[in-house]
Amino acid sequence: MVQGDYVHAFYEQEAETLYIDSRLPVEFFVKYFRLDDDLPCIFSSIDHDPYVHEAISKYRGLRLIRQDPWECLISYMIATASNIPRIMKSIEKLSRLLGREIVDEIYAFPEISALAACCGEDLCDCSLGFRARRLIKAARMIESGELDLYGLYDMDYFQAKQQLMNIEGIGEKVADCILLFSYGKMEAFPVDTHVDRVIRNYYSDSFEGPYTKPKMAEWARSYFGHYCGYAQQYLFYQHRREGKLGS
DNA sequence: AGCCAGGCGGTCA
DNA sequence: TGACCGCATGGC
């Protein structure tokens, strides 16, 4: 998930146990962390080889989230060619600058209109670099109705993806993140540098064809099945935790 | 100090 | 398709 999301202030997790702040209703957490998914069923469906088996065994508390599409879209546009500490700082600064204060010193993610009303220099303290202009442009496209963000729930994976990729700064990877983490489209399989390395290093035997993002995602759908998005999360997390050996 | 980042959009052969 | 580049800064 994207850290810096204000939700992090309302829960703590130890392994598979979630401690929630009673200021938010239980239903919120059930929805947000997809606690209504049938995890045992999903795990067995993607458990195709020793490598992914190790990941789903060791990191069993890891979940996909169901995040608001607007927040997810902006967050992953910010993540482009950046790193996690910096991403968290940018989102935090942006929320402090434009978001409503929810409780003491905890700020909500900015509304669409707030970002759409900005000019480039308004955001100069958020260390967004070349991303700032793109974010504002995206906000204005959504605010004007040129892109109906909340209409994408009713579209299939490929239609919705095409819509998202009309936005400057949203390509294959970012679109798949939004489709997976917000819309719950399980066909999405975001291929970033880490997942790219995992496939090249551990799945080169079963993967055929050019190492392009659409091809790797297509392979993942047929290899892991419908819940390949869960496989992506576990493979990504394992690679981040256990490092870059062999990459 | 200097390379590279949970990429994207463009160009070139 | 694959290999490159610029983009703007910050992290390590």
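Definitions and limits used
Residues numbered from 1 in each chain as written. Chains lettered and ligands numbered in written order. Predicted model: local features only at pLDDT ≥ 70, side-chain atom pairs only at ≥ 80, totals over all residues. Heavy atoms only, no water. Helix = DSSP H or I, 4+ residues; strand = E, 2+ residues; numbered from the N terminus. Areas by Shrake-Rupley, 256 points an atom, 1.4 Å probe, with all protein chains shown as cover. Core = buried A, V, L, I, M, F, W, Y, C linked by side-chain atoms within 4.5 Å. Buried < 20%, exposed > 50% of the residue type's maximum accessible area, 1.4 Å probe, protein only. Contact = heavy atoms within 4.5 Å. Polar contact = N/O pair within 3.5 Å; in protein donor to acceptor, adjacent residues only side chain to side chain. Near = heavy atom within 4 Å. Axes fitted to C-alpha atoms, helices over the stretch in contact; angles between N-to-C directions. Parallel < 35°, antiparallel > 145°, perpendicular 65-115°, else oblique. Left-handed = near helix turned anticlockwise from the far one by under 90°. Nonpolar A, V, L, I, M, F, W, Y, C, P; charged D, E, K, R; others polar. Salt bridge = Lys/Arg side-chain N within 4 Å of Asp/Glu carboxyl O. Patch = residues over 30% accessible without salt bridge, like charges linked within 9 Å, V, L, I, M, F, W, Y side chains within 5 Å. Phe/Tyr/Trp six-rings, centres within 6.5 Å; stacked < 30°, edge-to-face > 60°.

A closer look at the overall build of chain A
Working step 1: Counting its secondary structure elements, chain A contains twelve helices and four strands.
Working step 2: Taking the principal axes of its C-alpha atoms as reference, chain A extends roughly 50 × 40 × 35 Å.
Working step 3: Split by element, the accessible area of chain A, about 12300 Å² in all, is 51% carbon and sulfur.

Topic: the nonpolar core
Working step 1: Core analysis: the biggest nonpolar cluster contains 79 residues, and L73 and F224 have the highest contact counts within it.
Working step 2: Not counting residues within four places of it along the chain, the set of residues in contact with F224 comprises S45, I46, H48, D49, V52, F189, Y203, W219, A231 and L235.

Here we look at helix α10 (residues 193-202)
Because an α-helix packs 3.6 residues into every turn, residues spaced three or four apart end up facing the same way.
Working step 1: For α10, the full list of buried residues reads H194, V195, D196, V198 and I199.
Working step 2: Looking at the packing, one finds that the buried side of α10 touches α3 (50-58), α11 (213-224) and α12 (228-242).
Working step 3: Where α10 begins, one side-chain oxygen reaches toward the backbone nitrogen of H194, 2.7 Å away; that side chain belongs to D192.

Things to note about the protein's contact with DNA strand B
Working step 1: As a matter of local geometry, DNA strand B sits amid 24 residues, with S82, N83, G169, G171 and D192 nearest to it.
Working step 2: Protein-proximal atoms of DNA strand B, defined as those within 4 Å of the protein, fall in sugar or phosphate at a share of 62%.
Working step 3: I84 is positioned such that a nitrogen or oxygen atom in its backbone is 3.1 Å from a phosphate oxygen of DNA strand B.
Working step 4: The separation between a base nitrogen of DNA strand B and a polar side-chain atom of Q232 is 3.3 Å.

Here's the deal with the protein's contact with DNA strand C
Working step 1: Neighbouring residues of DNA strand C: A81, N83, P85, R86, K89, S127, G129, F130, R131, P210, Y211 and T212.
Working step 2: Each atom of DNA strand C within 4 Å of the protein was assigned to sugar, phosphate or base; sugar and phosphate come to 73%.
Working step 3: For DNA strand C, a base oxygen lies 2.5 Å from a polar atom in the side chain of R86.
Working step 4: The side chain of K89 places a nitrogen or oxygen atom 2.6 Å from a phosphate oxygen of DNA strand C.

Some points on the packing of helix α4 (residues 69-78) against helix α5 (residues 84-98)
Pairs of packed helices are described in terms of their axes, by the angle between the two and the distance that separates them.
Working step 1: The contact between α4 and α5 brings their axes to 9 Å, and the two run at 130°. By the criterion of interaxial angle, the relationship of α4 to α5 is oblique. In this structure, α4 crosses over α5, and the sense of that crossing is right-handed. Along the contact surface, α4 presents I74, S75 and I78, while α5 presents I87, S90, I91 and L94.
Working step 2: Of the residues belonging to the contact of α4 with α5, the class tally is five nonpolar, two polar and no charged.

Here we look at the pattern of salt bridges
Working step 1: A full pass over the atoms with the stated rule returns 13 salt bridges.
Working step 2: K161 serves as the salt-bridge partner of D176, at 3.2 Å between the closest nitrogen and oxygen. Taken together, the residues span a long stretch of sequence, with D176 in helix α9 (residues 172-181) and K161 in helix α8 (residues 157-164) at a distance of 15 residues.
Working step 3: For K161, a relative accessible area of 9% puts it in the buried group.
Working step 4: A cluster of three or more residues bridged by salt bridges with shared partners is formed by E54, K58 and E242.

As for α9
Working step 1: Of all ten residues that make up α9, nine are buried, and the element is covered over most of its length.
Working step 2: Within α9 the residues assigned to the buried category are K173, V174, A175, D176, C177, I178, L179, L180 and F181.

Let's talk about a nonpolar patch on the surface
Working step 1: Judged by side-chain polarity, I20, V26, V30 and L35 come together as a nonpolar surface patch covering roughly 290 Å² of accessible area.
Working step 2: Secondary-structure assignment places I20 in strand β2 (residues 17-20).
Working step 3: Its relative accessible area of 36% is what places I20 among the partly exposed residues.

A word on the packing of aromatic side chains
Two aromatic rings are characterised by how far apart their centres lie and by the angle between their planes.
Working step 1: On inspection of all chains with the given rule, the structure shows 21 aromatic pairs.
Working step 2: Summarising the aromatic geometry, the rings of W70 and F109 are spaced 6.4 Å apart at their centres and angled 75° between planes, so their arrangement reads as edge-to-face. Here F109 lies in the loop between β4 (106-107) and α6 (112-116) and W70 lies in helix α4, a separation of 39 residues in the sequence.
Working step 3: For W70, a relative accessible area of 4% gives the class buried.
Working step 4: Plain terms: the ring middles of Y203 and Y223 are 5.5 Å apart, the flat faces sit at 70° to each other, and that makes the pair edge-to-face. Of the two residues, Y203 is situated in the loop between α10 and α11 and Y223 in helix α11; the sequence distance between them amounts to 20 residues.

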